[in-house]
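For reference, the chains in residue letters:
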Amino acid sequence: MKITAVIPAYDEQENIGELALRLQKSIDDLQIDVDIYFVVQGESSAVTVLEDLNKHEKTQIRWTYFPQPLGVGPAFRTGFQNIAPDCTHVLTMDADLNHQPEELGKFVECMHDTSTDIVVGSRYIPDGSMDGMPLWKFVLSRLVNDFFSYTTALAIRDKTSGYRLMKRAVVDAVGIITVARGFEFYLEFLLHAHETGFKIREVPIVYK
């Protein structure tokens, strides 16, 4: 297994270094290969952080820099177009430390033990949780997910989670046909994947 981690980062100069190091350690602990690719947007100081990491740490991080925000969908599509040629799986996650890299082992285990094509980190299944989220934001997120549970064929609970591990074939088939620019990209991607016949499972995560 070789994972390309595609991570959009908009004005995340204070978090990007910690995320890269924690992700690298988690991957090392799992004894698999990783290719970390950031789609950096906004303040260019985030690029300086990544340059310093490549000089002084064993990480070798790639990135593309855009001074202006692209939007969630275009940022991910940029990343999908730049995954390593030899990668077998693609990881997506937030750059703001909401998603914990240390939980990646659950995704890999689920991928190995089942015939699934996409593993989604879920806040809304047993053992999943949200730590520190304002009540109004929690309620809004649940309402959105519950609404789409009634109006789509997707059975998974957390349709808007961006913490996902996918087989390369999923990104090759689905990534190029998405058109959404904002956060609706997350739902659009899963809908296309479901309609294409890819299998989707959830594992619990702690969202901070």
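Residues numbered from 1 in each chain as written. Predicted model: local features only at pLDDT ≥ 70, side-chain atom pairs only at ≥ 80, totals over all residues. Heavy atoms only, no water.

A. Structural detail: the packing of helix H1 (residues 16-30) against helix H2 (residues 45-56). Packing of H1 against H2 leaves a shortest axis separation of 9 Å and a crossing angle of 35 degrees. Classified by chirality, the crossing of H2 by H1 is right-handed. Facing H1, whose interface residues are Ile16, Gly17, Ala20 and Leu21, H2 presents Ala46, Val49, Leu50 and Leu53. Tallied by class, residues from the contact of H1 with H2 come to seven nonpolar, one polar and no charged. (Axes fitted to C-alpha atoms, helices over the stretch in contact; angles between N-to-C directions. Helix = DSSP H or I, 4+ residues; strand = E, 2+ residues; numbered from the N terminus. Left-handed = near helix turned anticlockwise from the far one by under 90°. Contact = heavy atoms within 4.5 Å. Nonpolar A, V, L, I, M, F, W, Y, C, P; charged D, E, K, R; others polar.)

B. The arrangement of the pattern of salt bridges in detail. Taken as a whole, this structure holds ten salt bridges when the rule is applied. For Arg22, the salt bridge goes to Glu18, with nearest N and O atoms at 3.0 Å. Within this pair, Arg22 and its partner Glu18 are both found in helix H1, separated by four residues, close to a single helical turn. Residue classification places Glu18 among the partly exposed positions, given a relative accessible area of 41%. Here Arg168 makes a salt bridge to Asp172, at a shortest N to O gap of 3.2 Å. (Salt bridge = Lys/Arg side-chain N within 4 Å of Asp/Glu carboxyl O. Buried < 20%, exposed > 50% of the residue type's maximum accessible area, 1.4 Å probe, protein only.)

C. Representation of the side chain of His89 in the model. Mapped onto the elements of the fold, His89 is located in strand E4 (residues 89-92). With relative accessibility at 11%, the residue His89 sits in the buried group. Polar contacts involving the side chain of His89 include one to the side chain of Thr88, which spans 2.8 Å. Residues contacting His89, with those up to four places away along its chain left out, are Met1, Lys2, Ile3, Thr4, Met111, Leu165, Met166, Lys167 and Arg168. (Polar contact = N/O pair within 3.5 Å; in protein donor to acceptor, adjacent residues only side chain to side chain.)

D. Representation of the pairing of strand E5 (residues 118-122) in the model. With five of five residues buried, E5 lies mostly within the body of the structure. Where burial is concerned, the two faces of E5 agree: the one with Ile118, Val120 and Ser122 and the one with Val119 and Gly121 are both buried. Relative to strand E7 (residues 164-167), E5 is paired through three bridges, and the arrangement is antiparallel. Residue pairing in the sheet places Val119 in a bridge with Leu165 of E7. (Pairing = 2+ DSSP bridges.)

E. Summary view of unusual backbone geometry. Unusually for a residue other than glycine, Leu97 sits at a positive phi of about 70 degrees. Topologically, Leu97 is positioned in the loop between E4 and helix H4 (104-113). Positive phi, normally seen in glycine, also occurs at Asp127, with a value near 80 degrees. One can find Asp127 in the loop between E5 and strand E6 (129-130). Note on Asp127: relative accessible area 71%, which makes it exposed.

F. Region of the structure containing the environment of Phe76. Residue placement: Phe76 occurs in helix H3 (residues 72-80). Here the alpha-carbon distance between Phe76 and Phe185, two residues 109 residues apart in the chain, equals 9.0 Å. Among residues more than four places away in sequence, those in contact with Phe76 are Val6, Pro8, Thr92, Phe185 and Tyr186.

Purely spatial values, then, with no claim about function.
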